[in-house]
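Fold and geometry: a report
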Amino acid sequence: MQHEVLLELKDVRRSYNSGASAVEVLHGINLTVRRGEMVAIIGPSGSGKSTLMNIIGCLDNPSSGSYQVMGQDTLHMTPDELAALRRDFFGFIFQRYHLLGHLCARENVQVPAVYAGVRKSKRDRRACELLARLGLEERVDYRPAQLSGGQQQRVSIARALMNGGQIILADEPTGALDTKSGQDVMRTLQELNAQGHTIIIVTHDPRIAACAHRVIAIEDGYIKSDTINDKVADPLALQDEHAAADKVLAEDKVLSEQPVINNQWAKTWSSHLDRFKEAFVMAYRAMLSNRMRTMLTMLGIIIGIMAVVSVVALARGASERIISNIASMGTNTITVYPGERMGDVRSGRVRSLTARDLVALQGQPFADSVSASVQTSALLRRGAEESNATVQGVSLDLFRVYGLLLKSGRIFSQGELDSKAQVCVIDDNTATLFFPTEDPLGKTIIVGNVGLRIIGVLAPSDSFVIRGEQPTIFMPYTAVMTRLLNQNYLSSIVLRIKDGFSTPVAESSIKHILLSRHGREDFFLQSSDTIMKSIEEATMTFTLMISAIAVISLVVGGIGVMNIMLVSVTERTREIGIRMAVGARQSDILSQFLIEAVMVCMLGGLMGVLFSYLVGQLIMHFWPSIVLSYSVDSIIAAVLTSSAIGIAFGFMPARSASRLNPIEALSRE
Ligand code: ADP
């Protein structure tokens with residue numbers, strides 16, 4: 001019975017570079033394997049068996065010659081096309097089983113199907129059936145370390161069959177097993193062959209080779225003989241069970257079912273999603289199995305993100321507080337000060353601002369209300385009680401300019417202003433301090449050595465004109481100038497702009513008017529707008545500075561991640577080799593490691609945000625004057641940035657993992 005040709009090697013040579021010269025290990029191998037054959041390749045150690053096997057299994061390429069798998073030439077195939085061949089046609093059984101230690105038997109068996117894009121439910125069912133068929137139904141959830149050598153080898157046989165395993169390549173499959181387990185494995189291989197699987201076994205043991213129908217002897221890289229074995233040996237007393245076994249096998253759909261791959265589905269989005277999910281789970285498992293290392297890697301990112309989020313929240317909190325203070329100055333106000341600019345040391349000596357300027361500004365169309373302000377501090381007394389107080393000499397409009405409201409009484413009248421009357425309006429602080437039990441209205445209070453009649457009490461306000469706990473009293477500015485300070489100039493003029501007029505227009509008109517009156521610019525203007533602008537500029541500079549520090553700290557964290565990922569790739573080289581051997585594409589390996597890096601960074605980012613929030617709450621609890629304001633934007637930005645770091649710094653290690661040579665990776669311990 002002549003079956004179709006599955007594998008065809010023509011003049012295959014393989015040489016390795018050793019120093020300057022190339023050493024040829026296979027010297028022009030010609031070999032044809034047909035469907036349904038059971039072939040043993042036998043030869044002493046170092047004869048080139050494994051090299052040949054690797055070429056047959058598309059794990060390695062010949063240096064010259066041609067190799068065809070089911071009529072497809074493998075010479076010019078890309079690594080991913082070779083991976084597809086391994087995935088769809090070959091099943092590998094290794095001497096050292098090569099199972100993944102952190103996956104249980106069932107999950108190990110499924111790995112080739114994951115890369116083939118088989119649905120989870122389907123591959124799970126098939127994995128359990130295969131394991132049950134190989135007598136491991138009780139052990140499906142055991143990890144390799146919990147299984148004996150023979151059981152592990154059976155798991156690896158199940159894995160070889162997962163995608164159909166039309167061609168099973170077994171490299172010294174019994175080499176690490178005791179006699180009994182070795183016999184079991186050989187019997188299983190014979191059974192599979194009886195089911196139609198093509199089997200190629202590499203061995204140095206003539207007793208194992210005797211179980212095959214065809215024995216190819218190889219020596220020093222040459223095929224010495226290729227013989228048909230008429231008397232196929234039974235690995236054990238197979239004769240007794242043969243009849244029964246044949247009966248079972250004849251009905252055995254599980255082993256003969258091939259292939260299970262649905263190529264249509266494998267190309268759909270849900271299949272990609274499924275593979276992504278699998279890569280995600282694998283990355284998660286890898287993280288869990290190296291908890292300490294994962295935590296330490298994350299620490300860099302956690303600290304970086306935590307610092308950045310906290311400092312941004314602190315800056316935001318501070319600027320929000322300043323802005324709300326400015327808002328309490330009242331909307332659309334412009335204040336005229338003597339001097340050249342804010343902080344001008346000579347401004348106290350500039351006496352150019354007078355009541356006449358006030359009148360000139362009052363007449364302007366853009367002025368809603370204009371108030372003079374003369375400020376001083378003085379000792380406030382009533383009976384035995386005394387306290388330092390801020391004395392605000394103002395005109396009537398000031399209450400309107402700053403939106404101050406009365407709790408009781410009235411503000412002074414134009415008549416009182418003109419007559420420099422000794423009257424005052426007191427704030428809430430003064431009222432509580434000096435009149436804890438009585439009504440202050442109509443009572444007298446002494447400022448310096450001037451007695452004042454209280455005509456009004458202000459409602460509590462958070463306006464900046466009333467500072468903290470310090471008592472503040474408001475007097476006609478005329479009275480402050482003549483009776484308290486004996487001066488004829490003002491500290492400032494505050495103007496509230498009418499609705500509908502813009503601040504810049506009002507500012508330039510005021511400048512123009514005062515310039516023409518004074519003849520020189522011995523004054524400066526400040527509006528809530530200009531203050532806001534300068535704060536925004538300061539915040540901007542601050543934010544830029546923080547961002548620079550943030551970038552540096554995150555780059556340092558990222559380098560940590562890259563370092564650990566490189567270590568992880570080196571440590572898991574064998575795992576990568578196994579995955580590649582069972583059909584993982586380069587992109588599968590790349591995405592697995594990249595997902596791992598991104599997960600570490602993203603989790604680190606989230607934890608950084610969380611810690612920053614918790615620390616912020618603690619700080620605000622113990623130091624209420626410090627405000628941290630967390631914005632959703634900054635949190636999202638932090639998490640996105642940390643993920644981006646994962647991608648940026650995880651890419652290089654992930655790519656080097658995906659570009660590993662499968663054979664070199666497999667041979668790494
Ligand atoms: P076998 O499986 O029969 O023991 P191998 O195929 O492993 O033999 O090796 C055949 C020869 O090729 C040996 O002499 C070995 O030293 C050499 N060889 C195998 N792999 C490499 C390699 N990666 N680089 C250099 N020489 C190698």
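Residues numbered from 1 in each chain as written. Predicted model: local features only at pLDDT ≥ 70, side-chain atom pairs only at ≥ 80, totals over all residues. Heavy atoms only, no water.

A count of helices and strands for the chain gives 23 helices and 20 strands. Radius of gyration (C-alpha) of the chain: 44 Å, far over the 26 Å computed for a compact globule of 669 residues. With 669 residues in all, the chain has 50% of them scored as buried. In the chain, 77% of the contacts between residues at least 6 apart in sequence involve partners at least 24 apart. (Helix = DSSP H or I, 4+ residues; strand = E, 2+ residues; numbered from the N terminus. Rg over C-alpha atoms; globule rule 2.2 N^0.38 Å. Buried < 20%, exposed > 50% of the residue type's maximum accessible area, 1.4 Å probe, protein only. Contact = heavy atoms within 4.5 Å.)

Counting across every chain of the model gives four aromatic pairs. Where Phe90 meets Phe92, the ring centres are 6.4 Å apart and the plane angle is 40°; that geometry is what we call tilted. With respect to burial, Phe90 and Phe92 carry one shared label: buried. Each residue in the set Phe90, Phe92 and Phe94 is aromatic and connected to the rest through ring pairs, giving one cluster. (Phe/Tyr/Trp six-rings, centres within 6.5 Å; stacked < 30°, edge-to-face > 60°.)

All right, on to the site of the ligand then. The environment of the ligand is formed by Tyr16, Val25, Pro44, Ser45, Gly46, Ser47, Gly48, Lys49, Ser50 and Thr51. Within the side chain of Tyr16, a nitrogen or oxygen atom sits 3.5 Å from a nitrogen atom of the ligand. For the ligand, an oxygen atom lies 3.0 Å from a polar atom in the side chain of Lys49. Contact with the protein chains covers 55% of the free accessible surface of the ligand, which is 560 Å². In terms of residues, the shell around the ligand owes the most to one element, helix 1 (residues 49-56), which gives three residues. Split into classes, the residues belonging to the shell around the ligand amount to three nonpolar, six polar and one charged. (Near = heavy atom within 4 Å. Polar contact = N/O pair within 3.5 Å; in protein donor to acceptor, adjacent residues only side chain to side chain. Areas by Shrake-Rupley, 256 points an atom, 1.4 Å probe, with all protein chains shown as cover. Nonpolar A, V, L, I, M, F, W, Y, C, P; charged D, E, K, R; others polar.)

All right, on to a nonpolar patch on the surface then. On the surface, Leu314, Leu618, Phe622, Trp623 and Ile626 cluster together to form a nonpolar patch covering roughly 530 Å² of accessible area. Its location among the elements puts Trp623 in the loop between helix 21 (586-622) and helix 22 (632-658). Taking relative accessible area as the criterion, Trp623 reaches 53% and is therefore assigned exposed. (Patch = residues over 30% accessible without salt bridge, like charges linked within 9 Å, V, L, I, M, F, W, Y side chains within 5 Å. Salt bridge = Lys/Arg side-chain N within 4 Å of Asp/Glu carboxyl O.)

A word on the confidence of the model for the chain. On average, the chain scores 85 in pLDDT, and the residues at 70 or more come to 91%. Contacts of residues 237-251 to residues separated by more than four positions or lying in other chains number 10 contacts, the stretch itself having pLDDT below 50. (pLDDT = per-residue confidence, 0-100.)

With that settled, the discussion passes to the domain arrangement of the chain. Considered domain by domain, the chain is made up of domain 1 (5-267), domain 2 (287-321 + 534-667) and domain 3 (351-521). Relative to domain 3, the C-alpha centre of domain 2 lies at a distance of 56 Å. (Domains from an automatic or database assignment.)

Attention now moves to the pairing of strand 17 (residues 450-458). In terms of burial, strand 17 is a largely internal element, seven of the nine residues being buried. Sheet topology places strand 14 (residues 406-409) next to strand 17; three bridges connect them, and they run antiparallel. Bridge pairing in strand 17 links Ser408 to Val457. Note: strand 15 (residues 423-426) against strand 17, four bridges, orientation parallel. For Val423, the partnering residue across the bridge sits in strand 17 and is Arg453. The pairing of strand 16 (residues 444-447) with strand 17 spans four bridges and is classified as antiparallel. From the neighbouring strand, Ile445 faces strand 17, where its bridge partner is Leu452. Linkage of strand 16 to strand 17, two consecutive antiparallel strands, is achieved through a turn of two residues, within which Gly448 is found at a positive phi near 60°. (Pairing = 2+ DSSP bridges.)

This paragraph deals with the sheet that holds strand 4 (residues 64-69). The antiparallel open sheet is built from four strands, whose spatial order is 2-1-4-5. The open sheet has two edge strands, strand 2 (21-34) and strand 5 (72-73), and neither has a second partner. Where strand 1 (residues 5-18) and strand 4 come together, five bridges link them in antiparallel fashion. Looking across to strand 4, one finds that Lys10 is bridged to Ser66. Of the strands in this sheet, strand 1, strand 2 and strand 4 are in contact with helix 1, which crosses strand 1 at around 125°. (Axes fitted to C-alpha atoms, helices over the stretch in contact; angles between N-to-C directions.)

Glancing now at the pattern of salt bridges. If the charged atoms of two oppositely charged side chains come close together, the side chains can form a pair. Taken as a whole and judged by the stated rule, the model has 25 salt bridges. Among the ionic pairs, Arg207 bridges to Asp205, the shortest N-O distance being 3.4 Å. Residue Arg207 is classed as exposed on the basis of its relative accessible area of 66%. Across the pair Arg517 and Asp357 runs a salt bridge whose closest N-O atoms are separated by 2.6 Å. Here Arg517 is found in helix 18 (residues 503-518), whereas its partner Asp357 is found in helix 13 (residues 355-362), with 160 residues between them in sequence. Because the salt bridges share partners, they merge into one network encompassing Arg572, Glu575, Arg579 and Glu596.

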